[in-house]
Amino acid sequence: MEFFARDADIAPVAALIADPTRAAILTALLGGRALAAGELARIAGVSAATASAHLARLLDGRLVDVVPQGRHRYYRLAGHEVAEVLESLATISSRPPVRSLRQSRQARMLEEARTCYDHLAGRAGVGLLDRLREDGHYAAHDLTESGERLLSGLGVDVAGARGSRRRFAPECLDWTERRSHLGGALGAAIARTLFEREWYRRGAVPRAVVLTDEGRRGLATLFSGKELTSATPVT
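Residues numbered from 1 in each chain as written. Predicted model: local features only at pLDDT ≥ 70, side-chain atom pairs only at ≥ 80, totals over all residues. Heavy atoms only, no water.

K.L.:
Before we move on, can you summarise the pattern of salt bridges with the specific residues and values?
P.N.:
For the structure shown, the criterion picks out 15 salt bridges. Measuring nitrogen to oxygen at the nearest pair gives 3.9 Å for the salt bridge that ties Glu39 to Arg42. Within this pair, Glu39 and its partner Arg42 are both found in helix H3 (residues 37-44), separated by three residues, close to a single helical turn. Accessibility expressed as a relative area gives 32% for Glu39, which makes it partly exposed. Taking the shortest distance from any N to any O, the salt bridge between Arg123 and Glu112 comes out at 3.0 Å. On the criterion of sequence distance, the pair formed by Arg123 in helix H7 (residues 122-134) and Glu112 in helix H6 (residues 101-112) is long-range, its members being 11 residues apart. Residue classification places Arg123 among the partly exposed residues on the basis of a relative accessible area of 37%. (Salt bridge = Lys/Arg side-chain N within 4 Å of Asp/Glu carboxyl O. Helix = DSSP H or I, 4+ residues; strand = E, 2+ residues; numbered from the N terminus. Buried < 20%, exposed > 50% of the residue type's maximum accessible area, 1.4 Å probe, protein only.)

Put into structure tokens, the structure is as follows:
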């Protein structure tokens, strides 16, 4: 087959993602945290040796990075571009059948609130974007003046997000809700602040996050029109 010079050779990357074990490993890393090979092996349901072999191929394909810490090695996605590809594939893929009560509970947790690499997704992420838009804080893939004030008062580094080489505030199609949540540099900055404030915490299920009581009260205050600053404790 003859390729034009401008064509990208996507076949090697597609082949790496297409393997079920490697797909499970990459999906687990969509949570945004670096994980050890042993934990990834457990999630993918394979032996440690098999997981290591697949991780070596993903490293060669530049889909993951390795983070050494002492004698241990942790793996993470190579960047938000990889995460965006995986999330896009998820929107056109069928959902695996639920075969147990445990899987049903895990699926509900992921649908409710999860991380899409480094930003909030699921019903929580979609609801956040809906509220920003409905209240006039977000329009045309950007924050309005009131949105800048709202999020800066919360402690979100809006200026830093704007200065990032990453897209500022794109909408990202959510694979469970089939509607958009907020991605990009701004989505990551918001999620980081929500975790720092302990409004959300990591759940027991990989990628799942849980809204805390502080977060429930804080979000209610944030969108009630009351003044909230980064120095204001939520009680």
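There is more to say, and it comes next.
K.L.:
Which residues make up helix H10 (residues 184-196), and what are the values?
P.N.:
Counted at 1.5 Å a residue, the expected span for H10 with its 13 residues is 18 Å, and the 19 Å between its end C-alpha atoms agrees. Across the 13 residues that make up H10, a large majority, 10, are buried. (Expected span 1.5 Å × (residues − 1).)

K.L.:
Could you give an account of a nonpolar patch on the surface, naming the residues involved and the relevant values?
P.N.:
Residues Val85, Leu89 and Ile92 make up a contiguous nonpolar surface patch of roughly 280 Å² in combined accessible area. Its location among the elements puts Leu89 in helix H5 (residues 80-91). For Leu89, a relative accessible area of 33% gives the class partly exposed. (Patch = residues over 30% accessible without salt bridge, like charges linked within 9 Å, V, L, I, M, F, W, Y side chains within 5 Å. Areas by Shrake-Rupley, 256 points an atom, 1.4 Å probe, with all protein chains shown as cover.)

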